[in-house]
Structure formats: C-alpha cells, structure tokens
Amino acid sequence: MVKLVCLDCGQTNRVPQDRLGSGPKCGTCGAGLMDGKAHEIDDATLEKAIRTDDVPLVVDFWAPWCGPCRMMAPEYSKAAAALKGRSRLVKLNTEQHQRASAKFGIRGIPTLIAFGKGREAARQSGALPAAQIEAFANQVPAAKG
Ligand code: ZN
C-alpha cells in the first residue's frame, strides 16, 4: 500500500501500489487521487502531502502576475497527464499562500521543487517545456514497492 494525501480535502488515503494507474479515488470526498491533473493546493495540504506521500510530488510555485508562469501552465498540465500513475504535479499560488514559499526560500518564480520521501530532491527555476518537466519529475525515485 502507498499513502497519498487527497489534494482536495487533505485526507490521507492508502492505495494498493498496482492501483495507482487505475484512477484511485479519495475515500472521504471522492476526488481523484491520481487523475493526471495539476491540482491547485494550499500551504497546509502541501506540507501534509510532502510529509505523507509515498509517490514523488512536484510543486510549481507560481503567481498570476508572472508571465513565464502562465506560459508554462499548459506545459505543466501536459506533463501532469503524462506522469499520471507515477508522480503527482501540484501548483501553489505564492500570492495566496505565502507560508510554503517562505519556508522553501522561493526567490523567483516559476520554481519547481520535486519531493520524495519527505525531502526536497530537486529544484529548478524558470519555465520549462513539458518534456523537461517530465524529466525533472523522473529524477525522484518512483513509489516504494
Ligand atoms: Zn478527499
């Protein structure tokens, strides 16, 4: 079983590893746990997911006023879909949620951070195309098994 925090309600779910690719849903709210979408999350959900998740988690620190961030958004969504079943890609709006960006010392946006096993595994600043976002996410070892 692997642990995944629901990106909608924040509940911890346990999912059999071989079901990660077949659309597991949150037992509490029914949201997709691994739906290939780049979910917007807040500070509290992010911190819990970093601590809890057994699959790689990539965070896009962005803001609405940031042109390169908006340019990268469709590429990020493409990468999220391509990585479905392996990694989860989320977005944190640094204008609305400032605690996490302060904690991780985000100086410029967009910044991507990949987390694995509760720790920062890689960091990259600047907008990237989908293929490079995928390569970035794939630096983190996949779910434990
Ligand atoms: Zn939920």
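Before any of the text, the structure's been laid out above.
*Asks:* Summarise empty space enclosed by the protein; cite the residues concerned and give the values.
*Replies:* If a probe the size of a water molecule is rolled over the atoms, the empty space left behind becomes visible. Applying the stated criterion across every chain yields a total of one cavity of 30 Å³ or more. Computed from the structure, the largest cavity encloses a volume of approximately 70 Å³. Leu 7, Leu 33, Met 34, Asp 35, Gly 36, Lys 37, His 39, Ala 80, Ser 87, Arg 88 and Leu 89 are the residues that line the largest cavity. Residue composition of the lining of the largest cavity, by class: five nonpolar, three polar and three charged.

*Asks:* How would you summarise the coordination of the zinc ion if you had to cite specific residues and measurements?
*Replies:* Surrounding the zinc ion are the protein donor atoms Cys 6 (SG), Cys 9 (SG), Cys 26 (SG) and Cys 29 (SG), at 2.3 Å. Angles of 105 to 115° at the metal separate the four donor atoms of the zinc ion, which places the site in the tetrahedral class. Mapped onto the sequence, the residues coordinating the zinc ion show the spacing C-x2-C-x16-C-x2-C. In this structure Cys 6 comes out as buried when scored by relative accessible area, which is 0%.

*Asks:* Tell me about the sheet that holds strand E5 (residues 88-93), residues and numbers included.
*Replies:* If you walk across this open sheet you meet the five strands as E3-E5-E4-E6-E7, and the pairing is mixed. Each edge of the sheet is formed by a strand with only one pairing partner; in this case those strands are strand E3 (39-40) and strand E7 (119-125). The pairing of E3 with E5 spans two bridges and is parallel. Counted as the bridge partner of Glu 40 is Lys 91 from E5. Helix-sheet contacts for helix H1 (residues 43-52) involve strand E4 (57-62), E5 and strand E6 (111-116), and the interaxial angle to E4 is about 155°. Strands in contact with helix H2 (residues 67-82) are E4, E5 and E6; relative to E5, the strand with the most contacts, it is inclined by about 155°.

*Asks:* An account of the state of the cysteines is requested, with residue identities and associated values reported.
*Replies:* Throughout the structure, instances matching the rule amount to one disulfide. What pairs with Cys 66 in a disulfide is Cys 69, and their sulfur atoms sit 2.2 Å apart. A torsion of 80° about the S-S bond marks the disulfide between Cys 66 and Cys 69 as right-handed.

*Asks:* Which residues make up helix H4 (residues 130-137), and what values go with them?
*Replies:* Taken as a whole, H4 has its buried residues at Ala 130, Ile 133, Phe 136 and Ala 137. Along H4, the residues classed as buried sweep out an arc of 120° about the axis, all on the same side. The inward-facing, buried residues of H4 contact E4, H2, E5, E6 and E7.

Calculation notes
- Residues numbered from 1 in each chain as written.
- Predicted model: local features only at pLDDT ≥ 70, side-chain atom pairs only at ≥ 80, totals over all residues.
- Heavy atoms only, no water.
- 1 Å grid on protein atoms, 1.4 Å probe; cavity = no way out; pocket = protein on both sides within 12 Å on 5 of 7 lines; lining within 4 Å.
- Points joined across faces, edges and corners; volume = space filled by probe spheres on them.
- Nonpolar A, V, L, I, M, F, W, Y, C, P; charged D, E, K, R; others polar.
- Donors = N, O, S within 2.8 Å, 3.2 Å for Na, K, Ca; no water.
- Tetrahedral: all angles 85-135°; square planar, octahedral: opposite > 155°, others 65-115°.
- Buried < 20%, exposed > 50% of the residue type's maximum accessible area, 1.4 Å probe, protein only.
- Pairing = 2+ DSSP bridges.
- Helix = DSSP H or I, 4+ residues; strand = E, 2+ residues; numbered from the N terminus.
- Contact = heavy atoms within 4.5 Å.
- Axes fitted to C-alpha atoms, helices over the stretch in contact; angles between N-to-C directions.
- Disulfide = S-S within 2.5 Å.
- Arc of directions from axis to C-beta.

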